[in-house]
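An overview of the molecular structure
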Amino acid sequence: MQGRLTDRVAVVTGAGSGIGLATVRRFAAEGATVVCVDIDAEAGRRAADEVAGDFVACDVADDTSVRELFDGVVARHGRVDVAFNNAGISPPDDDSILETGLDAWERVLRVNTTSVYLCCRHVIPHMRRQGRGSIINTASFVALMGAATSQIAYTASKGGVLAMTRELGVQFAREGIRVNALCPGPVATPLLLELFAADPERAARRLVHVPMGRFGAPEEIAAAVAFLASDDSSFMTASQFVVDGGITGAYVTPL
């Protein structure tokens, strides 16, 4: 039985770890040729080698680098069918608006939101020529609800991704290009675990709000990405696809 992504070319940014790495593995298992993109050359190349894919070192917040990324994929593989725009950061100096400096604000917005703008800007022309394509942008459940334990730049950056995704999904729907936003809940990635290892109380304060009583696994998020990349989601665009253990639907959680 063929996988849902057989003969398709998929680009994954932030491919070296966490949700990106889990998605690289899932896309390959579904039959895709995977292009692994990461600013960390060692991690990105390791991911590509694992699935016999390509590796491209790229700063996804740099316009010229992103244009060359997608032009190069099409030059080598003839097309790009899926773009999972997933790279992002959540640095420790992003906190309350009263404590987060302008440098941190601009750095987070550049990596988390401008990078998605650039990836969409440079992949859509290739997808228009093909007459089809699926773009999945990583937003977050924090784009849908507020938190007193704020990471103000991260929250704003993901809200921007969500709004941009809706706009693009509507604009290009009749050209065969689907654009959807993935909204994961808290996921046990190295980024989150490192943050919470330094502050267990901060982790506990978040975990209590998840009805399932646990953080998600990267593989669970990757399964959702594979669905959005495949024709199984062919009538979905401009949507927010929430995979959050029930957190955005909760008022009081189970004891």
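See the structure above.
These numbers come from a predicted model, not from an experiment. (Residues numbered from 1 in each chain as written. Predicted model: local features only at pLDDT ≥ 70, side-chain atom pairs only at ≥ 80, totals over all residues. Heavy atoms only, no water.)

1. Re the state of the cysteines
Within the structure shown, the criterion is met by zero disulfides. Unpaired in terms of disulfides, Cys-58 finds its nearest cysteine sulfur in Cys-119, a separation of 6.9 Å. Left unpaired, Cys-120 is separated from the closest cysteine sulfur, that of Cys-119, by 7.0 Å. (Disulfide = S-S within 2.5 Å.)

2. Focus on the sheet that holds strand β5 (residues 133-138)
Strands belonging to one sheet form pairs held by backbone hydrogen bonds; the direction of such a pair is parallel or antiparallel. As summarised here, the arrangement of the seven strands in space is β3-β2-β1-β4-β5-β6-β7, forming an open sheet in which the pairing is parallel. Of all the strands in the sheet, just β3 (54-57) and β7 (240-243) have a single pairing partner and so form its edges. Recorded for the sheet is a direction-independent mean angle of 20 degrees between the axes of neighbouring strands. Sheet analysis places strand β1 (residues 9-13) next to strand β4 (residues 82-85), joined by three bridges and oriented parallel. Each bridged residue has a counterpart across the sheet, and for Val-11 the counterpart in β4 is Ala-83. Across the sheet, helix α8 (residues 218-229) lies against β4, β5, β6 (177-184) and β7, angled at about 165 degrees from β6, the strand it touches most. (Pairing = 2+ DSSP bridges. Helix = DSSP H or I, 4+ residues; strand = E, 2+ residues; numbered from the N terminus. Axes fitted to C-alpha atoms, helices over the stretch in contact; angles between N-to-C directions. Contact = heavy atoms within 4.5 Å.)

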